[in-house]
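Summary of structural features
One-letter residues, chain by chain:
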Amino acid sequence: EWTVHCVGPNTPDDLNFGGAWTLVHDSLSWPEYTELIKSIDIGLSLMSTPHTSYPPLDLVAAGSQVVTNDWRGKTGLDVYGPRLIVAEPTVDALAAALGVAEERSRNGTVDSGAPEILTRTWSEQLAEVVARLAAEYGRV
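I will try to describe carefully the structure that is included in this document. Because the structure is a prediction, the values reported are computed rather than measured.

1. As for the overall build of the protein chain
Of the regular secondary structure elements, the protein chain holds four helices and five strands. Dimensions along the principal axes, computed over C-alpha positions, put the protein chain at roughly 60 × 30 × 30 Å. Out of the 140 residues in the protein chain, the part that is buried amounts to 27%. For the protein chain, the proportion of contacts with a sequence separation of at least 24, taken over those separated by at least 6, is 35%. Surface summary for the protein chain: the accessible area is close to 9,600 Å², and the carbon and sulfur share equals 55%.

2. Focus: helix H2 (residues 54-61)
Residues Pro56, Leu57, Leu59 and Val60 constitute the buried set of H2. Along the long axis of H2, the arc covered by the buried residues comes to 160°, so they all point the same way. Of the surrounding secondary structure, the elements contacted by the buried residues of H2 are helix H1 (30-38), strand E3 (42-44), strand E4 (65-69) and strand E5 (84-87). Just beyond H2, the residue with positive phi is Gly63, at close to 105°.

3. Details of the nonpolar core
Formed by Tyr33, Leu36, Ile37, Ile40, Leu57, Leu59, Val60, Val66, Leu77, Tyr80 and Leu84, the largest nonpolar core amounts to 11 residues. Listed by contribution, the elements that provide at least two residues to this core are H1 and H2.

4. So, the pattern of salt bridges
According to the stated counting rule, one finds two salt bridges in the structure shown. Among the salt bridges present, the one from Lys38 reaches Glu35, with a minimum N-O distance of 3.0 Å. In this pair, Lys38 and Glu35 both sit in helix H1, three residues apart, roughly one turn of the helix. According to the relative accessible area criterion, Glu35 is partly exposed, its value standing at 49%. Notably, a salt bridge pairs Arg106 with Glu102, separated by 2.1 Å at the nearest N-O pair. With Arg106 and Glu102 both in helix H3 (residues 91-107) and four residues apart, the pair spans about one turn of that helix.

Rules of the game
- Residues numbered from 1 in each chain as written.
- Predicted model: local features only at pLDDT ≥ 70, side-chain atom pairs only at ≥ 80, totals over all residues.
- Heavy atoms only, no water.
- Helix = DSSP H or I, 4+ residues; strand = E, 2+ residues; numbered from the N terminus.
- Buried < 20%, exposed > 50% of the residue type's maximum accessible area, 1.4 Å probe, protein only.
- Contact = heavy atoms within 4.5 Å.
- Areas by Shrake-Rupley, 256 points an atom, 1.4 Å probe, with all protein chains shown as cover.
- Arc of directions from axis to C-beta.
- Core = buried A, V, L, I, M, F, W, Y, C linked by side-chain atoms within 4.5 Å.
- Salt bridge = Lys/Arg side-chain N within 4 Å of Asp/Glu carboxyl O.

What follows is the structure, given as structure tokens:
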């Protein structure tokens, strides 16, 4: 009932996800990547760094739910809305978070709109920062 898409160079093509149909995408053009993420219901994107990386944000902006891991310094992710589910980087916690996402998908309680923070222009996004820099340092 699941199709698992694995994206990235050098991804083994013999991965087993318990009988799920698995498709490996070694390399995608931007248009291909955009089309793929628009078709994803639930994404799993793990990163052992204090930042989210782009794939989880791309998926959330495209309307997917995304499970990602927490990490020291990786805070404030609630601004991206409830479709970005952050779990401890353990098998049990990640499996539970995927279960939450799967349940939301099944019962139709997923809001598919992109969070405002991901739809603003660069000018809108940086307006407050530029204003604070101008106030602090003069001309920017």
